[in-house]
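# Chains, contacts and geometry: an overview
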Amino acid sequence: MKNIFTKNFIILDGGMGQELLARGVKPVSNLWSATALMEKKYHQIIKDCHLDFINAGAEIILTNTFGSRRRRLEDNQIENRFEELNFTALKLAKESVKESGRKVLIAGSLPPQNFTYLPELGDIDKMKKNFFDQAKILNEGVDLFYLDVLSSSEEIEIGIQSIQTFNKPFVVGIHFKKNGLLPSGEKIKNVINKIKSYNPLAITGSCVAYEDVIDAKNSFIESGLPFGFKVNAFKEIPKGWKPDSSNPNLALGKNEDLTAFKFQEISKEFIDMGAKLIGGCCEITPSHISKIQDLR
């Protein structure tokens, strides 16, 4: 798997959840992208999104499993559909890659098992089980795991330890904010140093603002690990904000200045830093991703 980095960089996909909502998926409560897994009428939209990102140049796509974590299903009294929804996400990703006819890797998206963007962990044993159970469903069909938007070193270590039994490559997606600080208050440099001993395939800044990447860039450059970024195009993620029943497109806004051409500019900046993984997160569309190919 490490030979994927023989290329000067690898193109990741963009923001699946916001793309689904923009294409007409009507979110139920805080399930958001998982709504598209619940209702069969939306399955083709999931595949269309995957295919559009692949056709835009994505060489690694993430499964649409960010919203199908057990915590959110429990919140909505549908925990009994946990296995079904995660398996459906895997199935649709595999079908999309097959239909594309391209050599594309699938990364199993393993999100925070409590709240996104917040360091509170809750019941640690339950969190470990939830990471493991989601990974177990995805394991047979994915090429690697992507620990997606984690907000503290403890959360990251729990995630890594929970999936070690599968002996599968993994990328750690670290969420951080201004001055290179995670929501936990930890410095990104210290967090990277903590997780290096686990031998991740790579590390990324995950669902981060461009300006915050610039603040933290030296920590990634000096890490000695393959690194990259999945930036978002939100206006702002307010401190302490918890996902609720509102549509995130409306709750967090969209940075209209981050056009496809601006995204190309900042992607070049990342590549010039030495980044090996370039993609996007929330509000980053196939049009944005298509501009990365021109940098080869």
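Residues numbered from 1 in each chain as written. Predicted model: local features only at pLDDT ≥ 70, side-chain atom pairs only at ≥ 80, totals over all residues. Heavy atoms only, no water.

### A closer look at the packing of helix α6 (residues 124-139) against helix α7 (residues 153-163)
Here is the rule: Between the N-to-C directions of two axes lies an angle of 0 to 180 degrees, each axis being a line fitted to C-alpha atoms and, for a helix, fitted only over the stretch in contact. Numbering of helices and strands starts at the N terminus; helices are DSSP runs of H or I of at least 4 residues and strands are runs of E of at least 2. In what follows, roughly perpendicular refers to angles from 65 to 115 degrees, roughly parallel to angles under 35, roughly antiparallel to angles over 145, and oblique to any angle outside these ranges. Crossing handedness: left-handed means the near helix sits turned counterclockwise from the far one by under a right angle, and right-handed means the same turn made clockwise. Only heavy atoms matter for contacts: two residues are in contact if any of them lie within 4.5 Å across the pair. Under the convention adopted here, Pro, Cys and the residues Ala, Val, Leu, Ile, Met, Phe, Trp and Tyr are nonpolar, Asp, Glu, Lys and Arg are charged, and Gly plus all remaining residues are polar.
One can describe the packing of α6 onto α7 by two numbers: an axis separation of 8 Å at closest approach and a directional angle of 50°. On the basis of their axis angle, the class for α6 and α7 is oblique. Considering only the axes of α6 and α7, their crossing is right-handed. Contact with α6, carried on its side by I124, M127, K128, F131, F132 and A135, involves E154, E155, I158, G159, S162 and I163 of α7 and no other residues of that element. Broken down by class, the residue content of the contact of α6 with α7 amounts to seven nonpolar, two polar and three charged.

### Brief notes about unusual backbone geometry
Positive phi outside glycine occurs at S29, with the angle close to 50°. Note on placement: S29 falls in the loop between α1 (16-22) and α2 (35-38).

### Observations regarding the pairing of strand β4 (residues 144-150)
For clarity, the cut-off: Three labels apply to residues, based on accessible area from a 1.4 Å probe with only protein chains included: buried if under 20% of the type maximum, exposed if over 50%, partly exposed otherwise in between. Note: two strands are recorded as paired if DSSP finds a minimum of 2 bridges between them. Orient the strands so they point away from the viewer, and a crossover whose first-strand-to-second-strand path over the helix runs clockwise is right-handed.
Within β4, seven of the seven residues are buried, leaving the element largely enclosed by the surrounding structure. Here strand β3 (residues 105-110) pairs with β4 via four bridges, running parallel. Among the inter-strand pairings, G108 is bridged to a residue of β4, identified as F145. A crossover links β3 with its parallel partner β4, the connecting element being α6, and its sense is right-handed. The pairing of β4 with strand β5 (residues 170-174) spans four bridges and is parallel. The residue bridging F145 from the neighbouring strand is F170, located in β5. This β-α-β element, β4 to α7 to β5, shows right-handed connectivity.

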